[in-house]
Amino acid sequence: MDAARQAELLADAGHYLAGGGTGLFVLPPELNLVVARGEGSRVWDFAGREYLDYHLSSGPALLGHAHPAVTAAVAEQLPKGTTYFFLNEPEIRLGKRLVEAIPCADVVHYTGSGTEATFYALRVARAYTKREKVLKFEGAWHGMHDYNLWGTVPGKASDYPHSPVDSVGVPAVTGDMVLVTPFNDIAGAVAMIERHAHELAAVIVEPLQRVLTPEPGFLEAIREVTKRLGIVLIFDEIVTGFRIAWGGAQERYGVIPDLACYGKAVSGGFPLAVLAGDAEIMSVLDARSRPKSEVVWATNTLNGNPICAAAGCAALDVLSQPGIFEHLHHIGSRLRKGIVESGARHGFAVQTPGEDAVFGVRFTDRPLRNWIDLTQVDKDLGWRWSMELLKRGLLVNPNEKFYISIQHSDADIDHTLTVVDDAFAAVKRGA
Ligand SMILES: Cc1ncc(COP(=O)(O)O)c(C=O)c1O
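Residues numbered from 1 in each chain as written. Predicted model: local features only at pLDDT ≥ 70, side-chain atom pairs only at ≥ 80, totals over all residues. Heavy atoms only, no water.

**Looking at the overall build of the protein chain**
No. 1: Assigned secondary structure in the protein chain consists of 14 helices and 16 strands.
No. 2: Against the 2.2 N^0.38 benchmark of 22 Å for 431 residues, the protein chain shows a C-alpha radius of gyration of 22 Å, consistent with a compact globule.
No. 3: In terms of overall dimensions, the protein chain has C-alpha extents of about 65 × 55 × 45 Å along its principal axes.
No. 4: Buried positions account for 55% of the 431 residues belonging to the protein chain.
No. 5: Sequence separation of at least 24 residues holds for 70% of the intrachain contacts in the protein chain that already meet a minimum separation of 6.
No. 6: Carbon and sulfur atoms make up 56% of the accessible area of the protein chain, which amounts to about 18,400 Å² in all. (Helix = DSSP H or I, 4+ residues; strand = E, 2+ residues; numbered from the N terminus. Rg over C-alpha atoms; globule rule 2.2 N^0.38 Å. Buried < 20%, exposed > 50% of the residue type's maximum accessible area, 1.4 Å probe, protein only. Contact = heavy atoms within 4.5 Å. Areas by Shrake-Rupley, 256 points an atom, 1.4 Å probe, with all protein chains shown as cover.)

**Quick notes on the packing of helix α11 (residues 324-345) against helix α14 (residues 410-429)**
No. 1: Look at α11 against α14: their axes get within 9 Å of each other, and the N-to-C directions meet at 20 degrees. Our classification of the angle between α11 and α14 gives roughly parallel. Handedness of the α11/α14 crossing: right-handed. Between α11 and α14, the contacting residues are His-330, Ile-331, Arg-334, Leu-335, Gly-338, Ile-339, Ser-342, Gly-343 and Arg-345 on the first element and Asp-410, Ile-413, Asp-414, Thr-416, Leu-417, Val-420, Asp-421 and Phe-424 on the second.
No. 2: Classifying every residue of the contact of α11 with α14 by side-chain character gives seven nonpolar, five polar and five charged. (Axes fitted to C-alpha atoms, helices over the stretch in contact; angles between N-to-C directions. Parallel < 35°, antiparallel > 145°, perpendicular 65-115°, else oblique. Left-handed = near helix turned anticlockwise from the far one by under 90°. Nonpolar A, V, L, I, M, F, W, Y, C, P; charged D, E, K, R; others polar.)

**Thoughts on the site of the ligand**
No. 1: As a matter of local geometry, the ligand sits amid Ser-113, Gly-114, Thr-115, Trp-141, His-142, Gly-143, Glu-206, Arg-210, Asp-236, Ile-238, Val-239 and Lys-264.
No. 2: Measuring from an oxygen atom of the ligand, one finds a side-chain N or O atom of Thr-115 at 2.6 Å.
No. 3: Between the ligand and the protein, one listed contact pairs a nitrogen atom with a side-chain N or O atom of Asp-236 at 2.6 Å.
No. 4: Protein contact buries 81% of the 390 Å² of open area that the ligand shows by itself.
No. 5: When grouped by side-chain class, the residues that make up the shell around the ligand number three nonpolar, five polar and four charged. (Near = heavy atom within 4 Å. Polar contact = N/O pair within 3.5 Å; in protein donor to acceptor, adjacent residues only side chain to side chain.)

**Quick notes on unusual backbone geometry**
No. 1: Each neighbour pair has its own omega, and for Tyr-160 with Pro-161 the value is 5 degrees, a cis peptide bond.
No. 2: Within the secondary structure, Pro-161 sits in the loop between β5 (133-137) and α5 (172-175).
No. 3: For Ala-66, which is not glycine, the phi dihedral falls at a positive 50 degrees.
No. 4: With respect to the secondary-structure elements, Ala-66 resides in the loop between β3 (50-53) and α2 (68-77).

**Here's the deal with empty space enclosed by the protein**
Picture a little ball the size of a water molecule; that probe, rolled over the atoms, points out where space is still empty.
No. 1: According to the stated counting rule, one finds two cavities of 30 Å³ or more in the structure shown.
No. 2: In this structure, the largest cavity occupies an estimated 50 Å³ of space.
No. 3: Every residue along the wall of the largest cavity is listed here: Val-361, Arg-362, Phe-363, Gly-382, Trp-385, Ser-386, Asn-397, Asn-399, Glu-400 and Phe-402.
No. 4: Mapped onto the lining of the largest cavity, the elements with two or more residues apiece are β14 (362-363) and α13 (379-391).
No. 5: If you tally residues by element for the lining of the largest cavity, the top one is α13, at three residues.
No. 6: Here the lining of the largest cavity is composed, by residue class, of four nonpolar, four polar and two charged. (1 Å grid on protein atoms, 1.4 Å probe; cavity = no way out; pocket = protein on both sides within 12 Å on 5 of 7 lines; lining within 4 Å. Points joined across faces, edges and corners; volume = space filled by probe spheres on them.)

**Things to note about the nonpolar core**
No. 1: In this structure, Trp-385 and Phe-402 are the most contacted members of the largest nonpolar core, which totals 104 residues.
No. 2: The biggest single contributor to this core is helix α10 (residues 306-319), with ten residues.
No. 3: Of the residues that make up this core, three or more belong to each of domain 1 (3-66 + 322-429) and domain 2 (68-319).
No. 4: Each residue touching Trp-385, except ones within four places of it in the same chain, is listed here: Ile-339, Val-361, Phe-363, Phe-402, Val-420, Ala-423, Phe-424 and Val-427.
No. 5: Of all hydrophobic cores here, the second largest spans 28 residues; its members include Leu-122, Ala-201, Ala-273 and Val-296. (Core = buried A, V, L, I, M, F, W, Y, C linked by side-chain atoms within 4.5 Å. Domains from an automatic or database assignment.)

**Observations regarding the pattern of salt bridges**
No. 1: Throughout the structure, instances matching the rule amount to 24 salt bridges.
No. 2: With a shortest N-O distance of 2.9 Å, Glu-194 and Arg-228 are connected by a salt bridge. One end of the pair, Glu-194, is in helix α6 (residues 186-195); the other, Arg-228, is in helix α7 (residues 218-229), and 34 residues separate them in sequence.
No. 3: According to the relative accessible area criterion, Glu-194 is partly exposed, its value standing at 38%.
No. 4: Note on Arg-228: relative accessible area 45%, which makes it partly exposed. (Salt bridge = Lys/Arg side-chain N within 4 Å of Asp/Glu carboxyl O.)

**With respect to the pairing of strand β6 (residues 178-181)**
No. 1: Of the two faces of β6, the one carrying Val-178 and Val-180 and the one carrying Leu-179 and Thr-181 are both buried.
No. 2: The sheet contact formed by β5 and β6 spans four bridges and is parallel. The residue bridging Leu-135 from the neighbouring strand is Leu-179, located in β6. (Pairing = 2+ DSSP bridges.)

**What about α13?**
No. 1: Taking 1.5 Å per residue as the helical rise, α13 with its 13 residues ought to reach 18 Å, and the 18 Å between its terminal C-alpha atoms agrees with that figure.
No. 2: Taken together, the buried positions of α13 are Leu-381, Gly-382, Trp-385, Ser-386, Met-387, Glu-388, Leu-389 and Leu-390.
No. 3: For α13, the elements touching its buried residues are β3, α11, β14, β15 (394-395), β16 (401-403) and α14.
No. 4: For α13, the side-chain oxygen to backbone nitrogen distance between the N-cap and Asp-380 is 3.3 Å, and the N-cap itself is Asp-378. (Expected span 1.5 Å × (residues − 1).)

Just distances and angles here, no functional claims.
Right, here's the structure in full:
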């Protein structure tokens, strides 16, 4: 471990990796790091610095890093081979486990990433309903494919049902297929769904949209209107699945969709995601029951590979143990409350919207109900505060989410709240 080696690696990353990293998230050079290893709630960089991790790889490390149950399951599978394409025992075992756990699931289909899961969910819905358009909510993040990159981060209220494209390179024609409406606006959403019912295959929703909780009656209303009009309701549970409750958002909010997408925590930090749902709708994937020309294509080489599936089985074994979700709630609620109190002590209006296991820290005293509300928070303050946390060894993604793992302890929260307080003080001083 040494700072020189980290500097060398960062220089190589800047040189050889497109954009110098893995995506849109870029830290300032003086705070940038290369992770050398992770264990439990912590990671260490190549310069030897220890960080308490509240990013958890953007969610997958719900069990903490290198959980012994997951590493043992993977180590057992590794010498037997890493991928066969033909059926393997761990994927069948995991499939049974998922169907038992996920409220809407009669069957599951594996994919490699959350993006693929939502992409195929929309294709399945189109094949089933024989309609083509889909509706999403303004500010919802469903991954990187062309049908999702409309209205994810608009700077101002959209011209509903049209919303601006998020990324260059997305064909304009895909925008004709995507309708956008505000989250938590029951009347607006129901009216738009009714107006476009003749052409709508699916409504896709993040039940906890980023850090916005659904207001009472919102998900219920979406469920009612889609059921009444024969439109497939898709819950994107890629963040919420096995995190905000064992049965995910479906259990937490008491609404059952037709299809649901799972990723991140579902496979213990390994690249596997899942489309789960109703047997009749999912039968469009079934080459046993229909001519090949009528089957949805959703086959990828590494789907359900035994390493990821073995990791998933081990992760679900751990998460199903008594007390796990109580612990996540306890730790997360302590941290949320502590951040708000610390902010108030230093004169900052700060909120921690979301659920205990995953929440945001937003600088505003206005209510947060939808995406447009989120665009009006003080992001500059959020960035400066996050930089102070990073300097003090808390790994966070500025203006995004805090993720809690089952390994975060009360002692971690005691330490974190001291750091949080110092960070507020530093921001106030203008450091
Ligand atoms: C709610 C939600 N859906 C879908 C995705 C896309 O998943 P992936 O990054 O695995 O493609 C994400 C990623 O952050 C997400 O948060």
